[in-house]
Amino acid sequence: MLPFHDYPDRASRDCALAVDVAARLAEALRRTGQARLDVSGGRSPAGWLRALSRQPLDWGRVTVGLVDERCVPADHPDSNAALVRRALLQGPAAAAGFRPLYDGHSVGRSLAEAGASFIPADVTVLGMGEDGHTASLFPGAAGLEAALSGQGPAFTVIEPPAAAHRRLTQTLAALRRSGWVVLSLDGADKRAVWQAAQRGCDLPVARVLGAVPAAEVRWAP
Ligand SMILES: O=C(O)[C@H](O)[C@@H](O)[C@H](O)[C@H](O)COP(=O)(O)O
């Protein structure tokens, strides 16, 4: 069973997550002089990303990447890159390097560039949908088994069966190379999905979290 941390509310979870992510990044900076953070998108991360942007770090030596991206223009409301720019890359954190996934024009070129420039993260923060997807590894998607094999390319293209937008996403081959993976979950429904995954329900979130060397879950109501 993975470590599961309950918080009384989202604000305290977001604050604790930001402090702990910053500490891990600072340790990577001490160890190697560089630090890499890969984050997920969606509706939930804005709070912890804003809390992280306020953390004291040598942001100029931190590179922020995306776990996945919707293939939409950078100014689209569903763009994960837009979320990161709006919520994280503000104030001192604006000095961080940022590597968007989608160039806004060509999925093929974006996929090739992402794969060629992939660097394993020191810290990866994942979310989960109520269908048990994480990153953009959606149940029932074409190519999912290959993306969850743990072998092959670091990124792939996924057409979600029941969610908007074609996606570029890290595969398990990339996610399993992260130094520390945190799954951040909100609400009773997602907690129940996670518990089902822990009881053996074959969901992408279970396949991923079960294969990464160091992972934990942070939950808030
Ligand atoms: O691009 C994305 O959508 C995310 O990377 C995805 O994996 C997200 O973490 C879950 O879908 C949860 O999203 P919410 O936070 O919106 O519930």
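Just so we're clear, the structure is a prediction, and the values are computed from it rather than from any experiment. (Residues numbered from 1 in each chain as written. Predicted model: local features only at pLDDT ≥ 70, side-chain atom pairs only at ≥ 80, totals over all residues. Heavy atoms only, no water.)

Student: Tell me about the confidence of the model for the chain, and please be specific about residues and values.
Tutor: Low-pLDDT portions of the prediction should not be read for the details of their coordinates. Averaged over the chain, the pLDDT score is 97; the fraction of residues at 70 or greater is 100%. With a pTM of 0.98, the predicted complex shows an ipTM of 0.97. (pLDDT = per-residue confidence, 0-100.)

Student: So, helix α1 (residues 10–32): which residues are in play, and what are the values?
Tutor: The first and last C-alpha atoms of α1 sit 32 Å apart over 23 residues, in line with the 33 Å expected at 1.5 Å per residue. Of all the positions in α1, only Arg-13, Asp-14, Leu-17, Ala-18, Val-21, Ala-22, Leu-25, Ala-28 and Leu-29 are classed as buried. Of the surrounding elements, those touching the buried residues of α1 are β2 (35–39), α2 (46–53), β3 (62–66), β6 (123–126), β9 (181–186) and β10 (215–220). In this structure Asp-9 caps α1, since a side-chain oxygen of it lies 3.2 Å from the backbone nitrogen of Ala-11. (Helix = DSSP H or I, 4+ residues; strand = E, 2+ residues; numbered from the N terminus. Expected span 1.5 Å × (residues − 1). Buried < 20%, exposed > 50% of the residue type's maximum accessible area, 1.4 Å probe, protein only. Contact = heavy atoms within 4.5 Å. Polar contact = N/O pair within 3.5 Å; in protein donor to acceptor, adjacent residues only side chain to side chain.)

Student: So what's going on with the site of the ligand? Which residues, and what values?
Tutor: Close to the ligand lie 15 residues; Arg-43, Ser-44, Asp-68, Ala-135 and Lys-190 are nearest. The side chain of Arg-70 places a nitrogen or oxygen atom 2.7 Å from an oxygen atom of the ligand. Asn-80 is positioned such that a nitrogen or oxygen atom in its side chain is 2.9 Å from an oxygen atom of the ligand. Look at the ligand: alone it shows 410 Å² of surface, and the protein chains cover 94% of it. Residue classes in the shell around the ligand are distributed as two nonpolar, eight polar and five charged. (Near = heavy atom within 4 Å. Areas by Shrake-Rupley, 256 points an atom, 1.4 Å probe, with all protein chains shown as cover. Nonpolar A, V, L, I, M, F, W, Y, C, P; charged D, E, K, R; others polar.)

Student: Give a detailed account of the nonpolar core, specifying residues and quantitative values.
Tutor: The biggest cluster of nonpolar side chains holds 43 residues, and the ones touching the most others in it are Val-21, Leu-37, Trp-48, Leu-52, Val-62 and Leu-88. Of all the elements in the fold, those that place two or more residues in this core are α1, β2, α2, β3, α3 (80–87), α4 (107–116) and β6. It is α1 that provides the largest number of residues to this core, a total of seven residues. Apart from residues lying up to four places away in sequence, Val-62 is in contact with Leu-25, Leu-29, Ala-35, Leu-57, Ala-96 and Gly-97. Core analysis: the second largest hydrophobic core is formed by 24 residues, Leu-144, Ala-147, Leu-172 and Leu-209 among them. (Core = buried A, V, L, I, M, F, W, Y, C linked by side-chain atoms within 4.5 Å.)

Student: Let's hear about the pattern of salt bridges: which residues, and what values?
Tutor: Summed over the entire model, instances satisfying the criterion amount to 15 salt bridges. The salt bridge partner of Asp-6 is Arg-191, with a shortest N-O separation of 2.4 Å. Remark: Arg-191 occurs in helix α7 (residues 187–198) and Asp-6 occurs in strand β1 (residues 4–6); sequence separation between them is 185 residues. By relative accessible area, which is 42% here, Asp-6 ends up partly exposed. For Arg-191, a relative accessible area of 21% translates into the label partly exposed. Ionic pairing is found between Glu-159 and Arg-166, a salt bridge with its closest N-O pair at 2.7 Å. (Salt bridge = Lys/Arg side-chain N within 4 Å of Asp/Glu carboxyl O.)

Student: Report on the pairing of β6, specifying residues and quantitative values.
Tutor: If a strand is regular, its side chains alternate between the two faces of the sheet. Judged by which residues are buried, β6 turns out to be covered on both faces: Val-123 and Val-125 on one side and Thr-124 and Leu-126 on the other are all buried. As paired strands, β2 and β6 are joined by three bridges and run parallel to one another. Following the sheet pairing, Asp-38 is matched in β6 by Thr-124. With three bridges joining them, β6 and β9 adopt parallel strand pairing. Bridging from a neighbouring strand, Thr-124 pairs with Val-181 of β9. (Pairing = 2+ DSSP bridges.)

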